[in-house]
Amino acid sequence: ILPTFLLYVLARWFKADTTWMIARGPLVVNAICISAVTDIGVWFIARQLVRSDRNEAIDSSSTAKPNDWVGKSEDRQQAHVDGADTLVPKKKQRQQQEERGDEERETEFALPWWCLLCSVGSWFNGYALVRTYSNCFETALLTCSIVLVAPELLGSATNGQIALQQAHGPPLPQPTPISRNKDLRSSAAFFVGGISTAIRFTSLAAYIPMGILLALQTRNQYSTIRFLFACCALFGLAGLAAATIVDRLMFGFWAFPLLGNFHFNVLQGKCDGRIR
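Calculation criteria
- Residues numbered from 1 in each chain as written.
- Predicted model: local features only at pLDDT ≥ 70, side-chain atom pairs only at ≥ 80, totals over all residues.
- Heavy atoms only, no water.
- Patch = residues over 30% accessible without salt bridge, like charges linked within 9 Å, V, L, I, M, F, W, Y side chains within 5 Å.
- Areas by Shrake-Rupley, 256 points an atom, 1.4 Å probe, with all protein chains shown as cover.
- Salt bridge = Lys/Arg side-chain N within 4 Å of Asp/Glu carboxyl O.
- Helix = DSSP H or I, 4+ residues; strand = E, 2+ residues; numbered from the N terminus.
- pLDDT = per-residue confidence, 0-100.
- Contact = heavy atoms within 4.5 Å.
- Core = buried A, V, L, I, M, F, W, Y, C linked by side-chain atoms within 4.5 Å.
- Buried < 20%, exposed > 50% of the residue type's maximum accessible area, 1.4 Å probe, protein only.
- Phe/Tyr/Trp six-rings, centres within 6.5 Å; stacked < 30°, edge-to-face > 60°.
- Lys NZ or Arg CZ within 6 Å of the ring centre and 35° of its normal.

A.B. asks: When you look at a nonpolar patch on the surface in this model, what are you seeing that I'm missing?
C.D. replies: Among the surface-exposed residues, Leu 204, Ile 208, Ile 212, Leu 213, Leu 216, Ile 225, Leu 228 and Phe 229 lie close enough to one another that they form a single nonpolar patch of about 760 Å² accessible area. Considering every element that reaches the nonpolar patch, the biggest residue donor is helix H10 (residues 204-215), with four residues. Looking at the secondary structure, you find Leu 216 in the loop between H10 and helix H11 (221-251).

If you want it as structure tokens, here you go:
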């Protein structure tokens, strides 16, 4: 309601409240505020998934123990003593690694854009996301929440760098500020989740597993409990309260769309679209 209300206020202020603006204006607003935001979130999530795959490859290549590398070094020394030429295999191996690196960089660059093209070109997204329905807003909010916690939820390249440093020894850059601000981003994600839950109770099916998965990544049991209650529950309730206050200002009375959504879809059983 709020974006449409602001649109009508601005249209009246600038004397542009024509029939087309009243009828089609909300669709344009939703295309910018809902559909475009969702498409950008799809691009970011796809990029993080590519980085997660690269992180797993780094982790798997860095599992060799130092003794293994010593043994391989001794094998190379013995091969040199025996007169074997080890320079050619090493050169081929280096070329293969460079080719694989080029392919990974091309994939990391191209795949998110292909995902964005699929999202923008989807006829169903073009039909559904521009509607002024609560589930469209729920989709955009859930996408934003996943984007906020994507480095931890989908995997961070920083973890792969740390594993590579532990296995091979050379100094690598310290973890980025993105990893250090996990609590702040998680709090913002579940605040947005509280707003989404205030609109449709079905958001809980996504945010509860998300909170559990993120909590299991903490260091100890105390951190897990603190994360569940401080970042997830507290900020989720704060978002729920903020959305309720906005509904009170817009409707003029206390309204709880969450309960109405639950009553219509579950208690009355009209989620299948048939009127009983």
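A.B. asks: Got a minute to help me understand the confidence of the model for the protein in this structure?
C.D. replies: Residues shown with low pLDDT carry predicted positions that ought not to be read at fine detail. Residue-level pLDDT values for the protein average 76, and 68% of them are 70 or greater. Of all helices and strands in the protein, the one with the weakest mean pLDDT is helix H7 (residues 157-168) (44), whereas H10 scores best (92). Low pLDDT (under 50) marks residues 64-87, which in the prediction has six contacts with non-local residues, meaning those over four places away or in another chain.

A.B. asks: Just to check I follow, could you spell out the nonpolar core for this structure?
C.D. replies: Burial of nonpolar side chains together is a common tendency in soluble globular proteins. Core analysis: the biggest nonpolar cluster contains 13 residues, and Val 149, Phe 190, Tyr 207, Met 210, Leu 214 and Phe 227 have the highest contact counts within it. Elements with a contribution of two residues or more to this core: helix H6 (134-153), helix H9 (182-199), H10 and H11. Once residues lying within four places of it in the same chain are set aside, the contact partners of Phe 227 are Lys 182, Asp 183, Ser 186, Gly 211, Leu 214, Ala 215, Thr 218 and Cys 232.

A.B. asks: What should I look at first to understand the packing of aromatic side chains in this one?
C.D. replies: The geometry of two aromatic rings is summed up by the distance between their centres and the angle between their planes. Under the defined criterion, the tally for this structure stands at five aromatic pairs. Between Trp 123 and Phe 124 the ring centres are 5.7 Å apart and the planes differ by 90°, which places this aromatic pair in the edge-to-face class. Note on Phe 124 and Tyr 127: the rings are 6.3 Å apart at their centroids and 55° apart in plane angle, and the pair reads as tilted. Pair noted here: Phe 124 and Tyr 127 are both in helix H5 (residues 123-128), with a separation of three residues, about one helical turn. With a relative accessible area of 48%, Tyr 127 lands in the partly exposed category. Every member of this aromatic cluster is reached through a ring pair, and the members are Trp 123, Phe 124 and Tyr 127. Its end group placed over the ring of Phe 227, Lys 182 keeps NZ or CZ at 5.4 Å from the ring centre. When the ring centre of Trp 254 is taken as reference, the NZ or CZ atom of Arg 248 above it lies at 5.5 Å.

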